[in-house]
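# Examination of the molecular architecture
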Amino acid sequence: MISEGSVLNTRYSLGKKIGQGGFAQVFLTTDQLLKRRVAVKVLNSDLTEDANFLGRFEREAQSIASLDHPNILAVYDYGQADNTAYLVMPYIEGGTLHDKMRRDKQLTMQQASAYLNQAAAALDYAHRRNIVHRDIKPQNMLLRSEDDRLLLADFGIAKVLSTASAQSHTGVMGTLSYMAPEQLEGNIGFGTDIYALGCVLFQMLTGELPYTGATEQVMMGHIMRPIPSIVERSRGNLPQAIQSVIEKALAKRPEDRYHSAGELALAFHNVTRGVAANLLATDVTLAARPPDSTQYPTQQLSRPPGYPPPANPTRPANPNPPQYEATQVSMVSPNAFQPGYTPTQVHTPNQFYVPINPTQPVQTGPQPYFGAPPPPAPKKFNSGLIGGIIAIVIVALVAIIGLLLLNNKDPKPVAVTTLTAGPGTATTVSPSTTSNVTTAALTTGAATTTNLTTGPATTAAPVTTAAPTTVVATTVAVSPIDSGLKQANETYYIKGDYMAGLIAFRNLTQDYPNSASVWRDYGNALRFWNRNPDSAGIDQLEKAATLDPKDALTQLYLTDTYDDNYRYDDALQAAKKALQLDPNGWVGHAAMTLVYKNIHDDVHAKSEAEAMQKAVTNPNEPLYNVILSDYLASQYDFKLGLEANDKALAVWPNIPLLITNKAVLTLNSADARERSEDQKKQAQEKGLALLLQATKLAPNSTPILTALAAYYSIFAKDAVQADKYAQQALKLNPNDAEVHREVGLVFFDKKDYASAVNEYARCNELDKYNMNCYFESADAYLGQGQDFDKAGKTAEAVTAYKAALSRSQEAINRDPMNYQGYLYSGICQVDLKDYKTAITTLQKAVSLAPSNADNYAWLGYAYLDNGQQTEAQAAYNKGVTIDPNNQTIKYLGDALKK
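Here goes a summary of the coordinates provided.

So, how was this worked out
- Residues numbered from 1 in each chain as written.
- Predicted model: local features only at pLDDT ≥ 70, side-chain atom pairs only at ≥ 80, totals over all residues.
- Heavy atoms only, no water.
- Helix = DSSP H or I, 4+ residues; strand = E, 2+ residues; numbered from the N terminus.
- Buried < 20%, exposed > 50% of the residue type's maximum accessible area, 1.4 Å probe, protein only.
- Contact = heavy atoms within 4.5 Å.
- Areas by Shrake-Rupley, 256 points an atom, 1.4 Å probe, with all protein chains shown as cover.
- Polar contact = N/O pair within 3.5 Å; in protein donor to acceptor, adjacent residues only side chain to side chain.
- Salt bridge = Lys/Arg side-chain N within 4 Å of Asp/Glu carboxyl O.
- Phe/Tyr/Trp six-rings, centres within 6.5 Å; stacked < 30°, edge-to-face > 60°.
- Axes fitted to C-alpha atoms, helices over the stretch in contact; angles between N-to-C directions.
- Parallel < 35°, antiparallel > 145°, perpendicular 65-115°, else oblique.
- Left-handed = near helix turned anticlockwise from the far one by under 90°.
- Nonpolar A, V, L, I, M, F, W, Y, C, P; charged D, E, K, R; others polar.
- Pairing = 2+ DSSP bridges.

## Here we look at the overall build of the protein chain
On a plain count of helices and strands, the protein chain comes out with 36 helices and 14 strands. By the burial criterion, 58% of the 898 residues in the protein chain qualify as buried. When contacts within the protein chain are restricted to residue pairs at least 6 apart in sequence, those whose partners lie at least 24 apart make up 66%. In the form shown here, the protein chain has an accessible surface area of approximately 34,900 Å², with 51% of it arising from carbon and sulfur atoms.

Here's what the structure looks like:
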């Protein structure tokens, strides 16, 4: 075993270990022949178990040793010893660029330009010799202490390691934080190194990597997420012109990037020199030259490679420490971590891809939360738990709509023949006008569902699957597009293999760029992938609508996607188009139901929902049932909402958000007054089990994490766990209004009312129709007011109560039919001692929600404080009949006795 003190081939005496990676160790070594210090990289012995590895290593080492460039770390020697292989290189004092960034956090533009120039010179030199580095990162960039020269190391090592990994079925090698999208799919080219160099530039300037987080998040960041703003990441310390350089360097498609590393270095140099932004587009003649003929333009640079950079000027400290990915990763594909994954067809390195747009978490608005738990003071509003759970349910419901939209193809019937062999029978499926895939076609056995309109359960006929033998016959040929979409959809949400599904959709857009259905399904898949912010899927869906302006289903997708991005006016226009295209079907009415529900136009939402139910021809249609469940939940009809969700879940049992939806609907039932304490406890336990099941399937799902935070806040009363899940959701999606609401609830539970108010304000900045944030903001102001009252700060208390009243009035303006706006306004007016106005306001709340005990409790308080004892008693009698366990009613009863 090679270790410190070993002597390799009687020449290299290994000293102390100075580096350790996933596949090699580096030792400070004495070359006993030439009497000099060198660095020896010894590969781990398990790599050489492959009999062909050493031969490949020797050939690659010869290629690396042939590189002679002032910015490439030389290879002095290579060899084999103790059943492993090693490389001998110069020992460079000074550390790596990685070490420097850990010390300095961020580099100046001039420093970054100097290092970028040198790295680019080395890369272009290697590329002209058809050598791709494959693992560009700061850890492989040595800085010589005497002159700060950058030396690029480990050329070809990643290639040798990836070959070994391929032999052992562990896949492509590289460092995840710097890997280009095509490299994650197994494709390598010159553009791969340019992308990684762009990541290094981003990191030098900001102290942060472009994409961070768990493995899956980083992978999907490279593949799907938008290129981050370097201006924002630098806290405004960098000019906007740099963004153009970063966007071209980190383009998702290799052909959209700079044609050489030198072009990237020159473009950035021009920015640092103050050249106008239009110089970022390099000379047409230069851009047209292939990498093997591009000359590195050192004569155009203000400082040559190796020239000492200027001193680092003072700049604001980076509040977020830099994040580094120092280890190498191996994978068959971006989805190798999924059990049972079957690799998809690998594109050749010459095949390029369409641009990828950002992904969007399914953003939904959990509906009314009835306020916070009652305070010790008898006049604090006791909301009950049911509203908080409603807040969870809509998160999952609307999110699931996007999921189920995935498997609906063009609204044109296509006959599909199931191929069988032996005793099997070919089954022809005729989909409805809204879907090319029916319930029977997607299940592998009998699926039992409950019809909401007809009542009795129905059982779909089992589907005969083909035996793995010779195909007998086929009656109708399935088009390649339909076949590809079916496979992509099944991979994406039946198998739950999201990354492989997204890659399959993306490849289909390349193969069939003029297919509306391909762009539609891909856009909806991006929209559903609920881990990141921004307007994912909209560009693709709008392209689909352009290619096929008569597709009502595309307009339904757009309606929901616009709603997710709080673009309510656009959503309404898309819904109107869907209804115009499908006036007699359920799709158009479903789109109108969604948009009216989300803007709280209950009258029109109810009308459209009824029309949708009348128009549907297949009441077992999953998408229909999810939209129906969404609407029913917003109307507090949780029993029928759960039945509708179960219909969809019977078809897609592995969909995390369907499971989450079942969980939150179950939790809603746990708060039903007619249930015993044991039944409530069982429902809570079942709800939590379902949430944990969903989390295992999608550990980084914003809606699921938000639902877990709400569970621990409302039921478990575990503030630590609630805060944990809320912060995870916020980190994943800082632009989700509902996440900010949940963070606000955590602050509220801690009685940090000021922080809660800020979170609720951010929620409504993002989503002006999120009524819960208006109500809960008013509740937080009321909490502040009570604290001021207790402290004897009357003026401050009045200010807080007025702020609460203002937020309540905003809620009434947004949704004049929601009783909570009037309830909170009435509470504020009671605290402001405006009892007569409070009575009128609370009477309105009672008229809108006559079965809510809180309305009667606060109306009773208003009467009592106004000296109307009889009316107060009558309000109490009504409220206690509705819910004798309501804490606010109990407080009112105690006050009446006094």
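## Things to note about the side chain of Ser 825
With respect to the secondary-structure elements, Ser 825 resides in helix H32 (residues 819-831). There is a polar contact of 3.3 Å between the side chain of Ser 825 and the side chain of Gln 809. In terms of polar contacts, Ser 825 uses its side chain to reach the backbone carbonyl oxygen of Gly 821, at 2.9 Å. Contacts of Ser 825, omitting those with residues within four sequence positions, involve Leu 805, Ser 808, Gln 809, Ile 812 and Thr 841.

## Concerning the pattern of salt bridges
Enumeration according to the criterion identifies 27 salt bridges in this entry. Between Glu 146 and Arg 144 there is a salt bridge whose closest N-O contact spans 3.2 Å. The residue Glu 810 makes a salt bridge to Arg 807 at a minimum N-O spacing of 3.6 Å. Here Arg 807 and Glu 810 lie together in helix H31 (residues 794-814), a separation of three residues that amounts to about one turn.

## Considerations on the packing of aromatic side chains
Any pair of aromatic rings gets described here by the distance separating the centres and the angle formed by the planes. This structure, assessed with the given rule, holds nine aromatic pairs. Their ring planes at 10° and their centres at 5.9 Å tell us that Phe 775 and Tyr 824 sit as a pair that is stacked. Of this pair, Phe 775 sits in helix H30 (residues 771-790) while Tyr 824 sits in helix H32, placing them 49 residues apart in sequence. Phe 775 gets classed as buried once you look at its relative accessible area, which sits at 1%. According to the relative accessible area criterion, Tyr 824 is buried, its value standing at 0%.

## What to know about the packing of helix H27 (residues 719-732) against helix H28 (residues 737-749)
Where H27 contacts H28, the two axes come as close as 9 Å, and the packing angle between them is 155°. In terms of orientation, H27 and H28 fall into the roughly antiparallel class. For the element pair H27 and H28, the recorded crossing hand is left-handed. Residue-level inspection shows Ala 722, Asp 723, Ala 726, Gln 727, Ala 729 and Leu 730 of H27 in contact with H28, the latter providing Val 739, His 740, Glu 742, Val 743 and Val 746. Across the contact of H27 with H28, the residue classes tally to seven nonpolar, two polar and two charged.

## Topic: the sheet that holds strand S1 (residues 7-8)
Spatially, six strands are ordered S1-S2-S3-S4-S6-S5 in an open sheet, and the strand pairing comes out antiparallel. Edge positions in the open sheet fall to S1 and strand S5 (77-81), since each of these has one partner strand only.

## Focus: the pairing of strand S4 (residues 36-43)
Of all the eight residues making up S4, six are buried; the element is thus mostly covered by neighbouring parts of the structure. The pairing of strand S3 (residues 24-31) with S4 spans eight bridges and is classified as antiparallel. Each bridged residue has a counterpart across the sheet, and for Thr 29 the counterpart in S4 is Val 38. Hairpin connection from S3 to S4: four residues lie between these consecutive antiparallel strands, with Lys 35 at a positive phi of about 55°. Summarising the sheet, S4 and strand S6 (residues 84-90) pair through five bridges and their orientation is antiparallel. Residue Lys 41 lies in a different strand from S6, and its bridge partner there is Leu 87.

## Some points on unusual backbone geometry
One non-glycine residue with positive phi stands out, namely Tyr 566, at about 65°. For Tyr 566, the location among the structural elements is in the loop between helix H18 (552-564) and helix H19 (568-581). Relative accessible area serves as the criterion here: at 18%, Tyr 566 is assigned to the buried category. Unusually for a residue other than glycine, Lys 751 sits at a positive phi of about 65°. Looking at the element boundaries, Lys 751 is found in the loop between H28 and helix H29 (753-766). Look at Lys 751 and you get exposed, because its relative accessible area is 54%.

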